Amino acid sequence: MRVLIAMMKHETNTFSPVVTDWARFTGWGSFLGDEARANYEGTAMPFGAYLELAEARGCEIVTPVAAEAMPSGKVEEEAYEIMAGAILDAVREGCDAALLDLHGAMVAEHDFDGEGLLLERIRQIDPDLPIAVTCDLHCNLTARMVENCTALIGYKTYPHVDMYEVGKQIGQVLFDALDGKVTPVQRWANLPLLSQTLRQGTDDEPMKTLIAMCREAEKRPGVLAATVFGGFALADMPDSGTSVIIVTDNDPALAEEIRNEILEAAWKAKDEFIYRHHPLEEAVAEAKEMEQDSPIILLDHADNVGSGATQDVMTVIAEVLRQGLEDVAVAAVYDPEAVQAMQKAGIGNTVTLKLGGKSDMPSIDREGAPLEITGKVKTLTDGEWICRGPMYTGVTVRMGPTAVLDTGKMQIVIVSQHHEPWDTGVFTSVGIQPEYKKYLLLKSRIHYRAGFAPIARGRHITLDGVGVTTSDNTLLDYQNVRRPIYPLDLINER
């Protein structure tokens with residue numbers, strides 16, 4: 001049996017000014033051909049799970065591409081075609097099954113539905129090819145995606161610490177189908193609900209209950225997979241929204257019944273999916289007064305590159321400095337120019353930088369605003385390390401040339417390539433012990449919990465700064481999403 005295994009992932013923030021070209025993919029860690037297998041085999045990714053399943057069956061394995069980039073603007077057509085083209089060429093060469101590690105919220109320059117386009121083109125080449133798909137919890141599920149695959153599943157955790165498990169689950173479903181043990185059928189639907197990412201943590205309500213419903217459904221006889229997708233509201237495309245897909249063993253009625261139950265529960269909880277803002281000055285003051293028995297997480301969530309932000313907005317950092325919080329570690333500020341200046345100065349020397357603020361954000365009518373700051377060059381590294389925590393386990397992180405600026409009260413990790421801090425390696429790789437800091441200021445939303453929740457013991461506060469990952473819908477000019485949709489429109493019936 002010849003099995004195609006591929007990864008093609010990007011969460012597209014259509015409001016982001018960050019360019020998504022092929023260099024952005026290769027900078028994160030994207031590979032073609034045999035290098036794809038070499039770099040992702042043994043990792044806790046769906047790609048790694050697929051390889052393990054195929055190897056156990058003695059399959060011939062072809063890995064045309066394993067590509068992912070940090071979230072950013074629309075994927076350039078050239079980059080899209082490099083990835084999709086590699087997969088399509090492999091299908092043309094012939095295979096008996098395809099196991100695909102996708103995201104579900106990729107918007108390309110030439111198509112709103114990057115994953116749906118890929119699957120449709122595969123089916124045009126081989127209409128009967130069995131295809132299994134894993135998607136991110138933030139997938140904006142579309143009819144084109146569902147209609148052009150055999151079985152589709154999504155992560156049940158945010159932060160995403162079950163990627164390997166869901167890959168193994170849906171991969172096994174596909175192999176069981178090939179062996180004639182099951183006949184997968186899928187039923188799905190999408191709600192007109194733009195759930196905000198900051199309200200999608202699966203340890204929190206309302207997602208906690210919806211995920212529990214999916215897990216209970218999967219215990220029922222004949223249910224092969226059950227997924228609720230929170231969706232990705234920062235992708236301004238027609239199908240953005242909350243969705244549910246159920247895969248059963250040749251029982252469409254059961255799939256529809258479970259799907260409808262979960263959709264109804266999600267719609268009833270629609271108000272809980274909306275984040276309520278709090279003035280930045282008051283939130284920082286509140287953090288300053290919190291008891292210091294463990295690190296306190298300060299979340300600069302509006303500038304979270306893990307949702308497509310520029311990662312160089314200095315609003316929150318400036319306010320934390322202004323209010324005099326001490327013993328703060330920051331991860332991370334994107335500013336290659338600052339890193340170069342610090343490299344030139346050398347470790348131990350004092351520099352004054354105009355840090356961050358290099359990126360304009362026209363979608364929210366904001367210009368970049370650097371912060372003048374003085375500190376000592378504490379550390380210089382190449383920015384490369386391996387995730388050892390529960391998320392992206394075994395995957396090499398490439399932050400590019402990296403430096404630490406020490407102001408006396410704050411240590412700031414400055415990077416040359418975007419990276420969301422979901423693993424403590426963002427600090428330990430540059431000599432900072434995060435568990436001993438009073439404050440950890442992270443440009444993150446929920447993923448930080450994977451690495452940092454154990455040392456912070458749940459102590460966190462959201463700081464509502466500025467950026468293109470804002471949770472304030474009034475700042476975003478939606479042009480392509482379907483209407484009416486909640487909360488842009490106050491609708492009660494779906």
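Thresholds applied
Residues numbered from 1 in each chain as written. Predicted model: local features only at pLDDT ≥ 70, side-chain atom pairs only at ≥ 80, totals over all residues. Heavy atoms only, no water. Helix = DSSP H or I, 4+ residues; strand = E, 2+ residues; numbered from the N terminus. Rg over C-alpha atoms; globule rule 2.2 N^0.38 Å. Buried < 20%, exposed > 50% of the residue type's maximum accessible area, 1.4 Å probe, protein only. Contact = heavy atoms within 4.5 Å. Areas by Shrake-Rupley, 256 points an atom, 1.4 Å probe, with all protein chains shown as cover. Lys, Arg positive; Asp, Glu negative; His and termini not counted. Charge placed at Lys NZ, Arg CZ, Asp CG, Glu CD. Core = buried A, V, L, I, M, F, W, Y, C linked by side-chain atoms within 4.5 Å. Expected span 1.5 Å × (residues − 1). Axes fitted to C-alpha atoms, helices over the stretch in contact; angles between N-to-C directions. Parallel < 35°, antiparallel > 145°, perpendicular 65-115°, else oblique. Left-handed = near helix turned anticlockwise from the far one by under 90°. Nonpolar A, V, L, I, M, F, W, Y, C, P; charged D, E, K, R; others polar. Phe/Tyr/Trp six-rings, centres within 6.5 Å; stacked < 30°, edge-to-face > 60°. Pairing = 2+ DSSP bridges. Salt bridge = Lys/Arg side-chain N within 4 Å of Asp/Glu carboxyl O.

**Q** Help me get a handle on the overall build of the chain, residues and values and all.
**A** In terms of regular secondary structure, the chain is built from 14 helices and 20 strands. Taking 494 residues into account, the globule formula puts the C-alpha radius of gyration at 23 Å, and the chain, at 22 Å, falls close to it. When the backbone C-alpha atoms are referred to their principal axes, the chain occupies close to 65 × 50 × 40 Å. Counting over 494 residues, the chain shows a buried share of 62%. Partitioning the intrachain contacts of the chain with sequence separation of at least 6 by distance along the chain shows that 76% fall at a separation of at least 24. Accessible surface, the chain: about 17700 Å² in total, of which carbon and sulfur atoms supply 45%. A gap of 4 Å separates the mean positions of the 44 positive and 74 negative side-chain charges of the chain.

**Q** Go over the nonpolar core, please, and point to the residues and values.
**A** With 90 residues, the main nonpolar core has Ile5, Tyr392, Phe427, Leu442 and Phe452 as its most contacted residues. Per-element accounting of this core gives the leading share, 7 residues, to helix 9 (residues 252-268). Ala6, Val62, Cys135 and Phe229 belong to the second-largest nonpolar core, a separate cluster that totals 41 residues.

**Q** How would you sum up helix 5 (residues 114-125)? Please name residues and give values.
**A** Compared with the 16 Å implied by 1.5 Å per residue over 12 residues, the 17 Å span of helix 5 between its first and last C-alpha is a close match. Every buried residue of helix 5 is listed here: Gly114, Glu115, Gly116, Leu117, Leu118, Leu119, Ile122 and Arg123. As for helix 5, its buried residues are in contact with strand 1 (2-9), helix 4 (77-93), strand 5 (97-102), strand 6 (131-135) and helix 6 (143-147).

**Q** Which residues make up the packing of helix 3 (residues 46-56) against helix 7 (residues 163-178), and what are the values?
**A** One can describe the packing of helix 3 onto helix 7 by two numbers: an axis separation of 7 Å at closest approach and a directional angle of 40°. The orientation of helix 3 with respect to helix 7, classified from their angle, is oblique. Helix-helix and strand crossings are classified by hand; for helix 3 and helix 7 the assignment is right-handed. Here Pro46, Ala49, Tyr50, Glu52, Leu53 and Ala54 of helix 3 lie close against helix 7, whose contacting residues are Met163, Tyr164, Gly167, Lys168, Ile170, Gly171, Gln172 and Phe175. For the contact of helix 3 with helix 7, the per-class residue count stands at 9 nonpolar, 3 polar and 2 charged.

**Q** Explain the packing of aromatic side chains to me, and be specific about the residues and the numbers.
**A** Here the structure, examined in full by the defined rule, presents 8 aromatic pairs. When the ring of Trp28 is compared with that of Tyr392, the centres are 6.3 Å apart and the planes differ by 85°; the resulting orientation is edge-to-face. With a gap of 364 residues between them, Trp28 in helix 1 (residues 22-28) and Tyr392 in the loop between strand 15 (384-386) and strand 16 (396-398) connect regions that are remote in the sequence. Note on accessibility: Trp28 and Tyr392 belong to one class, buried. Here the aromatic rings of Trp28 and Trp422 are separated by 6.0 Å at their centres, their planes lie at 75°, and the arrangement is edge-to-face. Here Trp422 lies in the loop between strand 18 (410-415) and helix 13 (425-428) and Trp28 lies in helix 1, a separation of 394 residues in the sequence.

**Q** So what about unusual backbone geometry? Which residues, and what values?
**A** The phi angle of most residues is negative, glycine excepted, and most peptide bonds adopt the trans form. Between Tyr158 and Pro159 the backbone carries a cis peptide bond, its omega angle lying at 15°. Within the element layout of this structure, Pro159 appears in the loop between strand 7 (151-154) and helix 7. Here the residue pair Tyr486 and Pro487 is connected by a cis peptide bond, since its omega of 5° sits within 30 degrees of zero. One non-glycine residue, Asn250, adopts positive backbone phi at about 55°. Relative to the helices and strands, Asn250 is located in the loop between strand 10 (242-249) and helix 9. For Asp327, which is not glycine, the phi dihedral falls at a positive 60°. With respect to the secondary-structure elements, Asp327 resides in the loop between helix 11 (315-322) and strand 12 (328-334).

**Q** Which residues make up the sheet that holds strand 9 (residues 223-229), and what values do they have?
**A** Hydrogen bonds between backbone atoms are what pair the strands of a sheet, whose relative direction is either parallel or antiparallel. The strand order across the open sheet formed by 3 strands is 8-10-9, and the pairing between neighbours is antiparallel. Edge positions in the sheet fall to strand 8 (184-191) and strand 9, since each of these pairs with one other strand and no more. Ignoring which end each strand starts from, the neighbouring axes of this sheet average 10° apart. Bridging between strand 9 and strand 10 involves 6 bridges; their strand directions are antiparallel. Residue Phe229 lies in a different strand from strand 10, and its bridge partner there is Ser243.

**Q** Got a sec to walk through helix 3? Specific residues and values, please.
**A** Residues that lie three or four places apart on an α-helix share one face, since the helix turns once every 3.6 residues. In terms of residue burial, helix 3 counts as a mostly covered element, since 8 of its 11 residues are buried. Considered for burial, the residues of helix 3 that qualify are Pro46, Phe47, Gly48, Ala49, Tyr50, Leu51, Leu53 and Ala54. The positive-phi residue at the C-terminal boundary of helix 3 is Gly58, with phi of around 70°.

**Q** Please provide a residue-by-residue account of the pattern of salt bridges, values included.
**A** Using the criterion set out here, one finds 26 salt bridges in the structure. Salt-bridge contacts for Arg37 lead to Glu55; the nearest nitrogen and oxygen are separated by 2.9 Å. Here Arg37 is found in helix 2 (residues 34-40), whereas its partner Glu55 is found in helix 3, with 18 residues between them in sequence. The partly exposed category is assigned to Glu55, whose relative accessible area is 33%. Notably, a salt bridge pairs Glu256 with Arg187, separated by 3.2 Å at the nearest N-O pair. Of this pair, Glu256 sits in helix 9 while Arg187 sits in strand 8; the two residues are 69 residues apart in sequence, bridging distant segments of the chain. Taken together, the shared-partner salt bridges connect Asp111, Asp113, Glu120 and Arg144 into one network.

**Q** Explain the sheet that holds strand 12 to me, using residue names and the numbers behind them.
**A** The 8 strands lie next to each other as 13-14-17-18-12-19-11-20, forming an open sheet whose pairing is mixed. Strand pairing shows two members of the sheet lacking a second neighbour, strand 13 (350-355) and strand 20 (460-462), which therefore form its edges. Geometrically, the sheet is characterised by an average inter-axis angle of 30° between neighbouring strands, direction not taken into account. In terms of strand pairing, strand 11 (residues 296-299) meets strand 20 through 3 bridges, oriented parallel. Within strand 20, the position partnered with Ile297 by the bridge is His460. The strands touched by helix 12 (residues 336-345) within the sheet are strand 12, strand 13, strand 14 (371-381), strand 17 (402-406) and strand 18, with strand 13 carrying the most contacts at an inclination of about 170°.

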